[in-house]
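# Commentary on secondary and tertiary structure
Listed below are the residues making up each chain.
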Amino acid sequence: MLIVTERDLIPTARRPRPRAYLMCAPEHFVVEYAINPWMDTTAPVDTALAVKQWDVLRQTMVDLGHTVHVLTPQAGLPDMVFSANGAFVVDGVAYGAKFRYPQRADEAAAHRAFYESRDEYAFVAPTQINEGEGDFAYLPDAHGGIALAGYGFRTEPAAHAEAAEALGRPVISLKLVDPRFYHLDVALTVLDDENIAYYPGAFSEASQQVIAQLFPNAVIADEADALAFALNLVSDGRNVVINTESTAFAEKLTAAGYHPVLVDLAELKKGGGSVKCCIAELRD
Ligand code: ARG
């Protein structure tokens, strides 16, 4: 007799792929301006605790076998810890960021200097406002290699076309409609080379239709997951590094065959970011 157990229904073991990342310690992290609904300039921030939590995140990525490069934090750039916003790198081409708000504008130069100092990357300077991986995601094995791009709050749609031209990849424009989810990377995440997870309510009806057509097997997050910044995760294809507030979504990931690794980043949430915001992926 054939007995099918619950285990047999779990997809075959997901395979991790070693990655290279770029991070920046929150040594100067404070909330002294508010450019997203999560930032409250009157709430106290414990910078030392933010650094400790960030360091656990960095060490977690290293322990998972990944390479982590770091940028030198700069005084006066409190959001520099959110290194995912500095560029979007695909196949060794780094399409640079051009920040929406003047408070963050100077971060772009630090990222540019990083890419220009390394032979393996070709840096493309942007003319259009875009916040790097905050609003761009890449799936090497979906539809031959496509980028997803958010607009509505930060990145300009014109930057999506500029990125397509810089990278030679299709870029799918998705409209964000909820200010709490002002960047693509708090509304949608790449789980492996071909699949995503997302919170439908963060997108316009039409964009929800586009996503459903491209990713029929996507893992769906609910509003509570999205509010916990569950989607602001970093996956290597198997290990999914996600913040400790997101236990409910972590269970959904386990059911889908992934391996969640929980890290506490509560202090950085006061800036409106979590795991993914702190980690830019360098795709050679
Ligand atoms: N305070 C930062 C801002 O509003 C947070 C950026 C979060 N980064 C991200 N990739 N979503 O710009």
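Notes on the structure in this doc start here. Once a new chain begins, its residue numbering starts again from 1 and follows that chain's sequence as written. For a predicted model such as this one, the threshold for reporting local features is a pLDDT of at least 70, and the threshold for listing and counting side-chain atom pairs is 80 or more; totals across whole chains, interfaces and linings nevertheless cover every residue. Water and hydrogen atoms play no part in the side-chain values, which are based on all heavy atoms of the structure.

## Here's the deal with the site of the ligand
The immediate surroundings of the ligand are formed by 15 residues, with N36, R104, H183, D185 and C277 found nearest. A distance of 2.8 Å is found between an oxygen atom of the ligand and a side-chain nitrogen or oxygen belonging to R154. Between the ligand and G271 there is a distance of 2.8 Å, counted from a nitrogen atom to a backbone nitrogen or oxygen. Throughout, the Shrake-Rupley method with a 1.4 Å probe supplies accessible areas, and for residues the shown protein chains are the sole cover considered. Coverage of the ligand by the protein amounts to 100% of the 340 Å² it exposes when considered alone. By convention in this text, a residue qualifies as near a molecule or strand provided that one of its non-hydrogen atoms is within 4 Å of it. Under the rule applied, a polar contact is a pair of N or O atoms within 3.5 Å (in protein, one hydrogen donor and one hydrogen acceptor; residues adjacent in sequence only if both atoms are side-chain atoms).

## Brief notes about the nonpolar core
The biggest cluster of nonpolar side chains holds 36 residues, and the ones touching the most others in it are L148, L188, I196, F203, F215 and F249. Counting only elements with at least two residues in this core, the list comes to β6 (136-139), β7 (146-151), β10 (196-198), α5 (205-214), β13 (239-243) and α7 (247-255). Put simply, buried Ala, Val, Leu, Ile, Met, Phe, Trp, Tyr and Cys residues joined by side-chain atoms within 4.5 Å make one nonpolar core. Residue exposure (1.4 Å probe, protein chains only): buried if accessible area is under 20% of the type maximum, exposed if over 50%, otherwise partly exposed. In terms of nonpolar packing, the next biggest core, distinct from the first, is built from 24 residues, V31, L57, L265 and C278 among them. Strands here mean DSSP runs of E at least two residues long; helices mean DSSP runs of H or I at least four residues long; both are numbered from the N terminus.

## Thoughts on the pairing of β6
Every second residue of β6 is oriented toward a common face, with F136 and Y138 on one face and A137 and L139 on the other, all of them buried. In this description, strands pair whenever DSSP reports at least two bridges between them. Alignment of β6 against β7, held across 4 bridges, turns out to be antiparallel. Bridging across to β7, A137 finds its partner in L148.

## Some remarks on the pattern of salt bridges
Any two side chains of opposite charge can pair, so long as their charged atoms come close to each other. Whenever Lys or Arg places a side-chain nitrogen within 4 Å of a carboxyl oxygen from Asp or Glu, that contact is recorded as a salt bridge. Scanning all chains against the criterion turns up 19 salt bridges. Taking the shortest distance from any N to any O, the salt bridge between R283 and E133 comes out at 2.6 Å. Here the residue R283 occupies a position in the segment after β15 (280-281), and E133 occupies one in the loop between β5 (122-124) and β6, the gap between them amounting to 150 residues. Of the residues examined, R283 reaches a relative accessible area of 15% and is grouped as buried. For E133, a relative accessible area of 3% puts it in the buried group. In this structure, the salt-bridge partner of D178 is R180, at a minimum N-O distance of 2.7 Å. Residue class for D178 comes out buried when judged on its relative accessible area of 13%. Taking the relative accessible area as the measure of exposure, R180 reaches 28% and is therefore partly exposed. Among the ionic contacts, a cluster of salt bridges with common partners joins R19, E133, K276, E281 and R283.

## Quick look at the pairing of strand β3 (residues 87-90)
Neither face of β3 is left uncovered, since the one carrying A87 and V89 and the one carrying F88 and V90 both have all their residues buried. As paired strands, β3 and strand β4 (residues 93-96) are joined by 4 bridges and run antiparallel to one another. Its bridge partner being in β4, A87 is matched across the sheet by G96.

## Side note on helix α3 (residues 107-116)
Of the positions making up α3, those classed as buried are E107, A108, A110, H111, F114 and Y115. Take α3 and look down its axis: the buried residues cluster within an arc of 165 degrees, on one side only. Contact between two residues is taken to exist if any of their heavy atoms lie within 4.5 Å; hydrogens are not considered. In this structure, the buried residues of α3 make contact with β1 (20-24), β2 (67-71), β3, β4 and β5. Directions from the helix axis toward the C-beta atoms define the arc.

## Looking at the sheet that holds strand β14 (residues 259-263)
The 3 strands are arranged β12-β13-β14 in an open sheet whose pairing can be described as mixed. At either margin of the open sheet sits one strand with a lone partner, and together these are β12 (234-235) and β14. Bridge count between β13 and β14: 5 bridges; the pairing is parallel. The partner of V240 across the bridge, within β14, is P260. Axis definition: a line fitted to C-alpha atoms, limited for helices to the stretch in contact. Angles are taken between N-to-C directions and run from 0 to 180 degrees. Packing of helix α2 (residues 47-63) onto the sheet brings it into contact with β12, β13 and β14, and relative to β14 it is tilted by some 150 degrees. Against the sheet, α7 engages β13 and β14, with an angle of about 160 degrees to β14.

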